[in-house]
Amino acid sequence: MKLFTVGPVEMFPETLAVSSMQLPYFRTNDFSEIMLENDRLIKKSVNACEEDRTIFLTASGSGAMEAAVINCFDKNDKVLIVNGGGFGTRFTQICEIHGVAYDEIVIPFGEKLSDMQLNAVEKRNSKYTGLLVNLHETSTGQLYDIKLLSDFCKKNKLFFVVDAISAYGADEVDFSKYGIDVLILSSQKALALAPGLSMVVLSRRMIEERIDVMSPKTFYFNFKDCLRNMDRGQTPFTPAVGIILQLRQRLQSINDNGGIQVICDQSRYIAKMFRKQVLSNGFMLPQYPMSNAMTPILFERGAKEMYNRLRCEYDMTVTPNGGELADKMLRIGHLGNVNWEGYKQLLKAMKTIKETS
Ligand SMILES: *Cc1c(COP(=O)(O)O)cnc(C)c1O
């Protein structure tokens, strides 16, 4: 089965080789060194400074989203959430449960985030302390304008919390340039590792002004505890040892082969070629700016049939949508161990299915 998904994605043989090996015990200097190497390479890949810190959580990305909210904000805060789909809504649900007040910038499906919505927020004259955004809203494929959001946060002195789980390794994610305070990453998207490990990069400002002084009501996801342990390359609890080893292999390989930019360029190339072919074969694309991570294809109806027939007749899996878009959108991932040859096969199959449905 060939995966054209957003995560988990096709893994690389080198990663699979690592995952087949016996796991080591982890309270050792050797393992600490691997953790510190991962910290260094993650920060390098997003252009973070030495004084910024990475923590490693044994959780899927949503766990890291929740952990970030509860360690950085509390009931005295009011945050802004860019809500343009399922992942934006997830941030609102997390804030709701934890009693963090929020306002939403709702982006109706099909529309794009622009300075109009941000200007309207400024006119409200409400005092916000942070902005939470899923840089690539994976449920629709929209890539938000990070510079626009970054400028807005700087101007209004907001903590800038960026879930770049599906943007990292596909689109530009620059921690220092855009003044990011919390950057959330996860193992199963462009890193093409097994799911279950998430990374959170924290700015010095966030650590000093928030993490160090707050007392979040969480035992397992306490960032202060994580940071204290990371001083010596460790985690408070047993980490996802296997995925951490996969991560080191993958980060070293990316670093040795020109850096994260090379991975982004590959996705950009595939996305560009694929979209051109998709349009010339009579399929529809949305009008908003798209991430290189995936191509959302729009259907009047028939997305479900396309998904099922690709799986049953061609052994290919793309990413279906849920909810209202279930029969109207399919998402084709451009992450992991994929190449243009595979997309030519996929396009051929899609064309045949379209003509015979
Ligand atoms: C995949 C993804 C997540 C994480 O989802 P999990 O199912 O918890 O792994 C979070 N945010 C975005 C934008 C994603 O694409």
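A brief structural summary. Quantities reported herein were computed from a predicted structural model and do not represent experimental measurements.

1. Observations regarding helix 8 (residues 223-230)
Here's step 1: Buried within helix 8 we find Phe223, Cys226, Leu227, Asn229 and Met230. Viewed along the axis of helix 8, the buried residues span an arc of 165°, placing them on a single side of the element.
Here's step 2: For helix 8, the elements touching its buried residues are helix 2 (29-45), strand 2 (53-58), helix 3 (61-72), strand 10 (197-202) and helix 7 (204-211).
Here's step 3: Of the residues that open helix 8, the one with a side-chain oxygen 2.9 Å from the backbone nitrogen of Lys224 is Asn222.

2. Topic: the packing of aromatic side chains
Here's step 1: What the rule picks out here adds up to eleven aromatic pairs.
Here's step 2: When the centroid spacing of 5.2 Å and the interplanar angle of 75° are considered together, the rings of Tyr220 and Phe221 count as edge-to-face.
Here's step 3: A ring pair is formed by Trp340 and Tyr343, whose centres lie 6.4 Å apart and whose planes are at 15°; its orientation type is stacked. With Trp340 and Tyr343 both in helix 12 (residues 340-355) and three residues apart, the pair spans about one turn of that helix.
Here's step 4: For Trp340, a relative accessible area of 16% corresponds to the buried category.
Here's step 5: An aromatic cluster is defined as three or more aromatic residues linked by ring pairs; in this entry it consists of Phe4, Phe274, Trp340 and Tyr343.

3. Topic: the sheet that holds strand 9 (residues 182-186)
Here's step 1: Overall, mixed pairing links the seven strands, which are arranged 2-10-9-8-5-3-4 in an open sheet. Two strands in the sheet have a free side with no partner beyond their single neighbour: strand 2 and strand 4 (101-106). Ignoring which end each strand starts from, the neighbouring axes of this sheet average 20° apart.
Here's step 2: Pairing between strand 3 (residues 78-83) and strand 5 (residues 130-134): three bridges, direction parallel. Directly across from Leu80, in strand 5, lies its bridge partner Leu131.
Here's step 3: Of the strands in this sheet, strand 2, strand 9 and strand 10 are in contact with helix 2, which crosses strand 2 at around 115°.
Here's step 4: Its contacts with the sheet place helix 8 against strand 2 and strand 10, and it is angled at close to 110° to strand 2.

The rules we used
- Residues numbered from 1 in each chain as written.
- Predicted model: local features only at pLDDT ≥ 70, side-chain atom pairs only at ≥ 80, totals over all residues.
- Heavy atoms only, no water.
- Buried < 20%, exposed > 50% of the residue type's maximum accessible area, 1.4 Å probe, protein only.
- Helix = DSSP H or I, 4+ residues; strand = E, 2+ residues; numbered from the N terminus.
- Arc of directions from axis to C-beta.
- Contact = heavy atoms within 4.5 Å.
- Polar contact = N/O pair within 3.5 Å; in protein donor to acceptor, adjacent residues only side chain to side chain.
- Phe/Tyr/Trp six-rings, centres within 6.5 Å; stacked < 30°, edge-to-face > 60°.
- Pairing = 2+ DSSP bridges.
- Axes fitted to C-alpha atoms, helices over the stretch in contact; angles between N-to-C directions.

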